[in-house]
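Analysis of the macromolecular model
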Amino acid sequence: MITCIIIDDEPYARDEIAILLENEPDIEVLAQCSNAVEAIQAITKLKPQLIFLDIQMPKISGLELAAMLDPDNLPRIVFITAFDEYAITAFEKQAFDYLLKPIDDARFANTVARLRKDLTPKVLSPIAEEKLAHIPCFSGNKLKVIATEAVQYVYSDVSGVHVATDNELVHTHMTLRVLAEKTSLIYCHRQYLIAPAAIAEIEIQEAGTEVTTRSGAKVPVSRRYLKQLKQLFGFQ
(Lines give C-alpha, C1' and ligand atoms only; values in the text may rest on other atoms or scores of the structure.)
Protein backbone atom coordinates (compact mmCIF):
# COMPACT_ATOMS: atom_id res chain seq x y z
CA MET A 1 0.00 0.00 0.00
CA ILE A 2 1.34 3.43 -1.00
CA THR A 3 0.35 6.14 1.49
CA CYS A 4 -0.10 9.71 0.31
CA ILE A 5 -1.22 13.22 1.28
CA ILE A 6 -2.87 15.72 -1.08
CA ILE A 7 -1.83 19.37 -0.60
CA ASP A 8 -3.60 22.14 -2.49
CA ASP A 9 -5.30 25.36 -1.40
CA GLU A 10 -8.18 24.74 -3.83
CA PRO A 11 -10.80 22.23 -2.55
CA TYR A 12 -11.86 21.26 -6.06
CA ALA A 13 -8.27 20.49 -7.03
CA ARG A 14 -7.86 18.25 -3.97
CA ASP A 15 -11.14 16.50 -4.78
CA GLU A 16 -10.01 15.92 -8.37
CA ILE A 17 -6.91 14.05 -7.25
CA ALA A 18 -8.82 12.15 -4.56
CA ILE A 19 -11.37 10.99 -7.15
CA LEU A 20 -8.62 9.83 -9.51
CA LEU A 21 -7.02 7.90 -6.64
CA GLU A 22 -10.26 6.07 -5.93
CA ASN A 23 -9.40 3.95 -8.96
CA GLU A 24 -6.03 3.01 -7.45
CA PRO A 25 -6.74 0.45 -4.68
CA ASP A 26 -3.09 0.26 -3.61
CA ILE A 27 -2.86 4.00 -2.83
CA GLU A 28 -4.28 5.25 0.47
CA VAL A 29 -4.99 8.95 1.03
CA LEU A 30 -4.04 9.68 4.64
CA ALA A 31 -5.00 13.36 4.65
CA GLN A 32 -5.83 16.42 2.58
CA CYS A 33 -4.25 19.78 3.45
CA SER A 34 -5.07 23.28 2.25
CA ASN A 35 -1.84 25.06 3.22
CA ALA A 36 1.79 24.49 4.15
CA VAL A 37 1.28 24.70 7.92
CA GLU A 38 -1.31 21.92 7.88
CA ALA A 39 0.88 19.95 5.47
CA ILE A 40 4.03 20.08 7.61
CA GLN A 41 2.03 18.84 10.60
CA ALA A 42 0.43 16.03 8.61
CA ILE A 43 3.69 14.93 6.95
CA THR A 44 5.54 14.91 10.28
CA LYS A 45 2.80 12.90 11.98
CA LEU A 46 1.72 10.52 9.21
CA LYS A 47 5.01 10.06 7.28
CA PRO A 48 3.47 9.43 3.85
CA GLN A 49 5.43 7.77 1.06
CA LEU A 50 4.02 10.23 -1.47
CA ILE A 51 2.62 13.75 -1.59
CA PHE A 52 0.73 15.50 -4.36
CA LEU A 53 1.81 19.11 -3.90
CA ASP A 54 0.40 22.24 -5.53
CA ILE A 55 3.14 24.71 -6.44
CA GLN A 56 1.14 27.94 -6.22
CA MET A 57 -0.25 28.33 -2.70
CA PRO A 58 -0.64 31.51 -0.58
CA LYS A 59 2.08 32.53 1.91
CA ILE A 60 4.26 29.42 1.41
CA SER A 61 4.54 27.90 -2.07
CA GLY A 62 4.86 24.21 -2.84
CA LEU A 63 8.53 24.64 -3.72
CA GLU A 64 9.16 26.40 -0.39
CA LEU A 65 7.29 23.66 1.44
CA ALA A 66 9.42 21.00 -0.25
CA ALA A 67 12.52 22.77 1.06
CA MET A 68 11.14 22.58 4.61
CA LEU A 69 10.95 18.79 4.63
CA ASP A 70 13.51 16.68 6.44
CA PRO A 71 15.74 15.20 3.69
CA ASP A 72 16.18 12.00 5.73
CA ASN A 73 12.42 11.35 5.62
CA LEU A 74 11.53 12.84 2.26
CA PRO A 75 8.42 11.46 0.55
CA ARG A 76 8.19 11.19 -3.20
CA ILE A 77 6.79 14.48 -4.46
CA VAL A 78 4.49 14.95 -7.44
CA PHE A 79 4.09 18.67 -8.04
CA ILE A 80 0.78 20.00 -9.38
CA THR A 81 0.68 23.25 -11.33
CA ALA A 82 -1.37 25.15 -13.88
CA PHE A 83 1.64 26.74 -15.54
CA ASP A 84 4.23 25.13 -17.82
CA GLU A 85 7.13 27.19 -16.50
CA TYR A 86 6.52 25.95 -12.94
CA ALA A 87 6.24 22.39 -14.18
CA ILE A 88 9.62 22.62 -15.87
CA THR A 89 11.17 24.13 -12.73
CA ALA A 90 9.73 21.38 -10.56
CA PHE A 91 11.04 18.71 -12.91
CA GLU A 92 14.51 20.26 -12.97
CA LYS A 93 14.54 20.28 -9.18
CA GLN A 94 14.39 16.48 -9.16
CA ALA A 95 10.80 16.07 -8.12
CA PHE A 96 9.51 12.57 -8.76
CA ASP A 97 7.09 13.98 -11.33
CA TYR A 98 4.78 16.89 -12.10
CA LEU A 99 1.24 17.16 -13.39
CA LEU A 100 -0.36 20.07 -15.21
CA LYS A 101 -3.84 21.32 -14.31
CA PRO A 102 -6.35 20.26 -15.48
CA ILE A 103 -4.96 16.79 -14.88
CA ASP A 104 -5.04 14.44 -17.85
CA ASP A 105 -6.25 10.95 -16.90
CA ALA A 106 -3.66 9.17 -19.04
CA ARG A 107 -0.83 11.33 -17.70
CA PHE A 108 -1.99 10.67 -14.14
CA ALA A 109 -2.11 6.92 -14.78
CA ASN A 110 1.45 7.04 -16.14
CA THR A 111 2.66 8.84 -13.00
CA VAL A 112 1.00 6.27 -10.73
CA ALA A 113 2.52 3.41 -12.72
CA ARG A 114 6.00 4.91 -12.31
CA LEU A 115 5.38 5.41 -8.59
CA ARG A 116 4.64 1.72 -8.16
CA LYS A 117 7.97 0.80 -9.76
CA ASP A 118 10.07 3.31 -7.90
CA LEU A 119 9.88 3.07 -4.12
CA THR A 120 12.98 5.15 -3.44
CA PRO A 121 12.32 8.77 -2.42
CA LYS A 122 13.91 11.39 -4.61
CA VAL A 123 16.27 13.87 -2.92
CA LEU A 124 15.51 17.48 -3.82
CA SER A 125 19.05 18.71 -3.34
CA PRO A 126 18.72 21.95 -5.35
CA ILE A 127 15.61 22.89 -3.35
CA ALA A 128 17.30 21.98 -0.06
CA GLU A 129 20.02 24.57 -0.70
CA GLU A 130 17.54 27.46 -0.78
CA LYS A 131 17.03 29.53 2.37
CA LEU A 132 13.53 29.66 3.82
CA ALA A 133 11.74 32.99 3.94
CA HIS A 134 8.97 31.72 6.23
CA ILE A 135 8.43 29.12 8.95
CA PRO A 136 5.04 27.41 9.28
CA CYS A 137 3.95 27.62 12.93
CA PHE A 138 0.94 27.19 15.17
CA SER A 139 -0.34 28.54 18.47
CA GLY A 140 -3.32 26.76 19.97
CA ASN A 141 -5.84 26.41 17.15
CA LYS A 142 -4.27 29.24 15.11
CA LEU A 143 -2.01 28.52 12.14
CA LYS A 144 0.70 31.13 11.62
CA VAL A 145 3.33 31.90 9.01
CA ILE A 146 6.33 33.58 10.65
CA ALA A 147 8.90 35.46 8.57
CA THR A 148 12.34 33.95 9.20
CA GLU A 149 13.84 37.40 9.72
CA ALA A 150 11.41 37.99 12.61
CA VAL A 151 12.69 34.98 14.60
CA GLN A 152 14.98 35.67 17.55
CA TYR A 153 15.63 32.12 18.64
CA VAL A 154 14.24 28.60 18.46
CA TYR A 155 14.48 25.87 21.07
CA SER A 156 13.30 22.32 21.60
CA ASP A 157 12.11 20.48 24.69
CA VAL A 158 9.96 17.46 25.46
CA SER A 159 6.84 19.26 24.24
CA GLY A 160 8.23 20.17 20.80
CA VAL A 161 10.02 22.93 18.90
CA HIS A 162 9.26 26.53 19.88
CA VAL A 163 9.84 29.72 17.88
CA ALA A 164 10.39 33.05 19.68
CA THR A 165 9.94 36.43 18.02
CA ASP A 166 10.01 39.91 19.56
CA ASN A 167 6.44 39.63 20.80
CA GLU A 168 5.27 36.02 20.78
CA LEU A 169 6.17 32.38 21.29
CA VAL A 170 4.73 29.92 18.78
CA HIS A 171 5.48 26.33 17.80
CA THR A 172 6.53 24.47 14.66
CA HIS A 173 6.71 20.90 13.39
CA MET A 174 10.03 21.60 11.68
CA THR A 175 13.16 20.22 13.32
CA LEU A 176 16.11 22.21 14.66
CA ARG A 177 18.39 20.50 12.14
CA VAL A 178 16.33 21.53 9.14
CA LEU A 179 15.96 25.08 10.47
CA ALA A 180 19.73 25.32 11.00
CA GLU A 181 20.38 24.11 7.46
CA LYS A 182 17.81 26.27 5.70
CA THR A 183 17.75 29.55 7.62
CA SER A 184 20.33 31.99 9.01
CA LEU A 185 19.73 30.68 12.53
CA ILE A 186 22.81 29.11 14.15
CA TYR A 187 23.33 26.68 17.00
CA CYS A 188 24.35 28.19 20.35
CA HIS A 189 23.32 25.10 22.33
CA ARG A 190 22.28 21.61 21.26
CA GLN A 191 18.67 22.56 21.98
CA TYR A 192 18.80 26.21 20.86
CA LEU A 193 19.22 28.12 17.60
CA ILE A 194 19.63 31.89 17.60
CA ALA A 195 19.53 34.63 14.97
CA PRO A 196 22.90 36.46 14.91
CA ALA A 197 21.08 39.76 14.33
CA ALA A 198 19.13 39.24 17.56
CA ILE A 199 22.22 39.01 19.77
CA ALA A 200 22.77 42.10 21.93
CA GLU A 201 25.19 40.71 24.54
CA ILE A 202 27.18 37.58 25.33
CA GLU A 203 27.87 37.13 29.03
CA ILE A 204 30.51 34.58 30.03
CA GLN A 205 30.07 33.29 33.58
CA GLU A 206 31.51 30.44 35.63
CA ALA A 207 28.12 28.78 35.70
CA GLY A 208 27.80 29.03 31.92
CA THR A 209 27.59 31.48 29.04
CA GLU A 210 24.37 33.28 28.22
CA VAL A 211 23.19 35.44 25.33
CA THR A 212 20.87 38.38 25.84
CA THR A 213 18.75 39.17 22.80
CA ARG A 214 17.78 42.66 21.71
CA SER A 215 14.35 42.13 23.27
CA GLY A 216 15.89 41.09 26.59
CA ALA A 217 15.42 37.31 26.39
CA LYS A 218 18.10 35.05 27.89
CA VAL A 219 19.39 32.14 25.78
CA PRO A 220 21.96 29.58 27.00
CA VAL A 221 25.24 29.00 25.16
CA SER A 222 27.12 25.74 25.54
CA ARG A 223 30.90 25.52 25.52
CA ARG A 224 30.77 23.59 22.26
CA TYR A 225 29.33 26.57 20.37
CA LEU A 226 30.91 29.48 22.27
CA LYS A 227 34.04 29.75 20.12
CA GLN A 228 32.19 29.99 16.81
CA LEU A 229 29.73 32.44 18.34
CA LYS A 230 32.59 34.71 19.46
CA GLN A 231 34.32 34.41 16.09
CA LEU A 232 31.11 35.44 14.36
CA PHE A 233 31.48 38.87 15.95
CA GLY A 234 35.25 39.14 15.57
CA PHE A 235 36.31 38.01 19.08
CA GLN A 236 39.12 35.53 19.61
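The structure contained in this document is the topic of the report that follows.

Cut-offs and rules
- Residues numbered from 1 in each chain as written.
- Predicted model: local features only at pLDDT ≥ 70, side-chain atom pairs only at ≥ 80, totals over all residues.
- Heavy atoms only, no water.
- Helix = DSSP H or I, 4+ residues; strand = E, 2+ residues; numbered from the N terminus.
- Buried < 20%, exposed > 50% of the residue type's maximum accessible area, 1.4 Å probe, protein only.
- Contact = heavy atoms within 4.5 Å.
- Areas by Shrake-Rupley, 256 points an atom, 1.4 Å probe, with all protein chains shown as cover.
- Pairing = 2+ DSSP bridges.
- Axes fitted to C-alpha atoms, helices over the stretch in contact; angles between N-to-C directions.
- Phe/Tyr/Trp six-rings, centres within 6.5 Å; stacked < 30°, edge-to-face > 60°.
- Lys NZ or Arg CZ within 6 Å of the ring centre and 35° of its normal.

Looking only at helices and strands, one finds 8 helices and 15 strands in the chain. Out of the 236 residues belonging to the chain, those deemed buried represent 46%. Partitioning the contacts of the chain with sequence separation of at least 6, the portion at a separation of at least 24 is 58%. Counting every atom, the chain has about 12200 Å² of accessible surface; 51% of that belongs to carbon and sulfur.

Our focus in this paragraph is the pairing of strand 5 (residues 97–100). Where burial is concerned, the two faces of strand 5 differ: the one with Asp97 and Leu99 is buried and the one with Tyr98 and Leu100 is not. Across 4 bridges, strand 4 (residues 76–81) lies against strand 5 in parallel orientation. Within the sheet, the bridge partner assigned to Thr81 lies in strand 5 and is Leu100.

This part is about the sheet that holds strand 15 (residues 218–221). Read across the open sheet, the 3 strands follow the order 13-14-15; overall the sheet is antiparallel. Both outer strands of the open sheet, strand 13 (199–203) and strand 15, are each paired with one neighbouring strand and no more. When strand polarity is set aside, the average angle formed by the axes of neighbouring strands in this sheet is 25°. As paired elements, strand 14 (residues 209–213) and strand 15 share 4 bridges and run antiparallel to each other. Bridged to Glu210 within strand 15 is Pro220.

Take the packing of aromatic side chains next. Taken as a whole and assessed by the stated rule, the structure comprises 5 aromatic pairs. Aromatic pair Tyr155 and Tyr192: ring centres 5.4 Å apart, planes at 20°, arrangement stacked. One end of the pair, Tyr155, is in strand 8 (residues 151–157); the other, Tyr192, is in strand 12 (residues 192–194), with 37 residues separating them in the sequence. Assigned by exposure class, Tyr155 and Tyr192 land together as buried. Lying across the ring of Tyr98, Arg107 places its NZ or CZ 5.5 Å from the centre.

Attention now goes to the sheet that holds strand 5. Read across the open sheet, the 5 strands follow the order 2-1-3-4-5; overall the sheet is parallel. The strands lining the two open edges of the sheet, one partner per strand, are strand 2 (27–33) and strand 5. Shown here is a sheet whose adjacent strand axes are inclined to one another by a mean of 20°, direction ignored. Against the sheet, helix 5 (residues 105–117) contacts strand 1 (2–7), strand 2, strand 3 (50–54), strand 4 and strand 5, and its axis sits at roughly 165° relative to strand 5.

Time to look at unusual backbone geometry. Between Lys101 and the following residue, Pro102, the backbone shows a cis peptide bond with an omega angle of -10°. Examined against the element boundaries, Pro102 turns out to sit in the loop between strand 5 and helix 5. If you check the backbone angles, Lys47 has positive phi at about 50° while not being a glycine. In this fold, Lys47 is placed in the loop between helix 2 (36–46) and strand 3. A relative accessible area of 57% places Lys47 in the exposed class. Residue Lys59 is not a glycine yet carries a positive backbone phi of 70°. For Lys59, the position within the fold is in the loop between strand 3 and helix 3 (62–68).

This part is about the environment of Val151. Structurally, Val151 is set in strand 8. Considered as a pair, Val151 and Leu185 are 34 residues apart in the sequence and their alpha carbons are 8.5 Å apart. Val151 has contacts with Ile135, Ile146, Val163, Ala164, Thr165, Leu185 and Ala195, leaving out every residue within four places of it along the chain.

Positionally, Ile199 belongs in strand 13. Accessibility expressed as a relative area gives 6% for Ile199, which makes it buried. When the C-alpha atoms of Ile199 and Gln152 are compared, they prove to be 8.3 Å apart, with 47 residues separating the residues in sequence. Leave out the neighbours within four places in its chain, and Ile199 touches Ile194, Val211, Thr212, Arg214, Leu229 and Phe233.

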